[in-house]
Every structure is written in structure tokens, then in C-alpha cells.
Amino acid sequence: MPRQSEFHELQRLTTIQSVMHLDSVGSTNDVAGQWSARLVDADLPAIVIADAQTSGRGRGQNRWWSGPGALICSVLLRPAAYGVPVARWPTLSLTVGVSLALSLRRLLPAQDFRVKWPNDVYCNRRKLAGILLEPCADGARIVAGVGLNLANSLVGAPREVVDRAVSLCDLDDGAPPTRLTLLTCFLNQFTMDLERLASGDRSLAADWRELCLLGGGHVAVLDLGGTVAGTCLGIDDDGALLVQTVGGVKRQFSGTVVEFDG
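With respect to the pattern of salt bridges
- Counted by the stated rule, this structure contains 17 salt bridges.
- For E9, the salt bridge goes to R12, with nearest N and O atoms at 2.5 Å.
- D207 is the salt-bridge partner of R196, the closest N and O atoms lying 2.9 Å from each other. With R196 in helix α5 (residues 179-199) and D207 in helix α6 (residues 202-210), this residue pair connects regions lying eleven residues apart in the sequence.
- Among the charged side chains, a network of salt bridges with common partners joins D41, R78, D138 and R141.

Given below as C-alpha cells:
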């Protein structure tokens, strides 16, 4: 059941209009999508926050593992309210990643936060956060789900998670920021970045190029057309991943990075 909590402070500290805080859910994206049908545009942006998630999804068939203390949330918004045209929706996932990485850099400047195209955030070359964007049934709203290892130590995580992931609480910076602090910083940055995306501000593309984890290294990208492998040249202004292959430069607008230098 929804409950009152400190997260309702987000309505004062950010542009969030509606907050739902739950003890445990299957998926915050599912809850946000269902909630959307009961909300009018004036209730947006809205956010669902959960203390625990039992069926978190990643892209494709992936699942997001999270222990107690993780930041698990889904932001419900209408891109048109910020002036973001449908043609730029494919870069929304990348924009969320940039917003999250910039916020983390501000809060923990000693660490190296990067964006792994198209939807992950890494810290010191280990996975910290996953992002999943899904359209709502009305076609005009989207749900941006974020799962981030915050105060959940990976000591008890599955071996495959420990080998490739990191949690902020396991870093040498002392106590990590609180969920409220991180959410406030991220949501305010995300609002600014949506406005940059809407206006075509080239500084946003400059940020995703500077934050790119993959630039200069070997990558293999799997999409419906097969696997594209080569040297990553970075991210273009339109969000495409540039891959130098033996046959020339390939522009990937979608796909899953299945191999990269790390």
C-alpha cells in the first residue's frame, strides 16, 4: 500500500507533482504504467518509489537484481510537456543516464561515473545502475525506471552480480547520499536535461560524448540485423553509437552491447 514518507518532500524540492512510496512491488514500471491511467496531465511528472522490487526488468529478457537499500523508482512523464518531439524519444534513455551520471558526479566527485550506451550507468567501470524506458498505453507518456545500487552492499549478491557490479555504499567515500538527496539532485538535473533535449542544445550531446564509457575500446553490438563489432568512436549528436568496423563506420540507433573493453 502507498504510504506517507519523506519522499513527499520531492514535491517541494523538485517539479514532481505526485509521489507513490511502496514497501515492495513486483515492478515500479508496471505500477507507474497502471497509475498513469488514473492521473491527469496536471498530476505529472509523477514518481513511484519502492523499498524492494521482486520482478525488476532490464532490457530484453534481463532482470535487475537489487538488495535492501537500493534506489528503485520509476518516473512517469509526458515528454511533450517539455517540448520533446516524438522524433527525439529514442534518446530519452541516454538522457536519463546522463542526468544520473552528472548528479552522481556532483555528489561524489572522487568517483568516475560513466554512461554505457544506451541505458546503464557505471562507476569505476563496474555497473551501478540500469535504466528502462517504456511507453504508456496512451502513447503520449513514458515511464523511466531506474535501479541503482545505493545502500545495498553487494556482499550477499549472486556471484555474477559481484563480479561486474558496484554499490555506492561499498566505495571509500563514507556513507552514500540518502535516497532523497540523490533523487532530488537527479530529478532536477533530469528536468534541465529534458529542456536541453527539447531545444536541441548541443551541450547535452557533448555531455553524453564526454560521459561515454565505451569510447576508444572494442565493442560488439547485437541488434535485429546481427552483430556489429569494431572500435567505438563515441556517441553522435543524435544518440547513435558510432562503431568503426572493417567495412566502415556503422551507426547504431538500437541494440545491446554484448562485448566491450572493461
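Here we look at the sheet that holds strand β5 (residues 120-123)
- The mixed open sheet is built from seven strands, whose spatial order is β1-β2-β3-β7-β6-β5-β4. Two strands bound the open sheet, and with one partner strand each, they are β1 (18-25) and β4 (113-116). Neighbour-to-neighbour, the strand axes of this sheet turn through a mean angle of 20°, independent of strand direction.
- Pairing between strand β6 (residues 126-135) and strand β7 (residues 142-148): seven bridges, direction antiparallel. Note that in β7 the partner of L132 across the bridge is G145.
- Contacts from helix α2 (residues 28-36) reach β1, β2 (46-53), β3 (71-77), β6 and β7, with the element oriented near 145° to β2.
- Docked against the sheet, α5 engages β1, β2, β3 and β7, running at close to 30° with respect to β3.

Some remarks on the packing of aromatic side chains
- Counted according to the given criterion, the structure contains two aromatic pairs.
- Geometrically, the ring pair formed by Y122 and F260 is edge-to-face, given 5.9 Å between the ring centres and 80° between the ring planes. In this pair, Y122 is assigned in strand β5 and F260 in strand β12 (residues 256-260), connecting sequence segments 138 residues apart.
- The class for Y122 is buried, based on a relative accessible area of 8%.
- Aromatic side chains F186 and F190 sit 5.8 Å apart centroid to centroid with 5° between the ring planes, which places their arrangement in the stacked category. Of the two residues, F186 and F190 both sit in helix α5, four residues apart, roughly one turn of that helix. Comparing F186 with F190 shows no difference in burial state: the two are buried.

Examining helix α3 (residues 92-107)
- For α3, which comprises 16 residues, the first-to-last C-alpha distance of 23 Å matches the rise-based estimate of 22 Å (1.5 Å per residue) to within 8%.
- Counting buried positions over the 16 residues of α3 gives 13, a clear majority of the element.

Examining the environment of R164
- Take R164: it is sitting in the loop between α4 (159-162) and α5.
- Expressed as a C-alpha distance, the spacing of R164 and K127, which sit 37 residues apart in the sequence, is 6.3 Å.
- Apart from the residues lying within four places of it in its own chain, the contact partners of R164 are R126 and K127.

Here is what the cut-offs are and how they apply
Residues numbered from 1 in each chain as written. Predicted model: local features only at pLDDT ≥ 70, side-chain atom pairs only at ≥ 80, totals over all residues. Heavy atoms only, no water. Salt bridge = Lys/Arg side-chain N within 4 Å of Asp/Glu carboxyl O. Helix = DSSP H or I, 4+ residues; strand = E, 2+ residues; numbered from the N terminus. Pairing = 2+ DSSP bridges. Axes fitted to C-alpha atoms, helices over the stretch in contact; angles between N-to-C directions. Contact = heavy atoms within 4.5 Å. Phe/Tyr/Trp six-rings, centres within 6.5 Å; stacked < 30°, edge-to-face > 60°. Buried < 20%, exposed > 50% of the residue type's maximum accessible area, 1.4 Å probe, protein only. Expected span 1.5 Å × (residues − 1).

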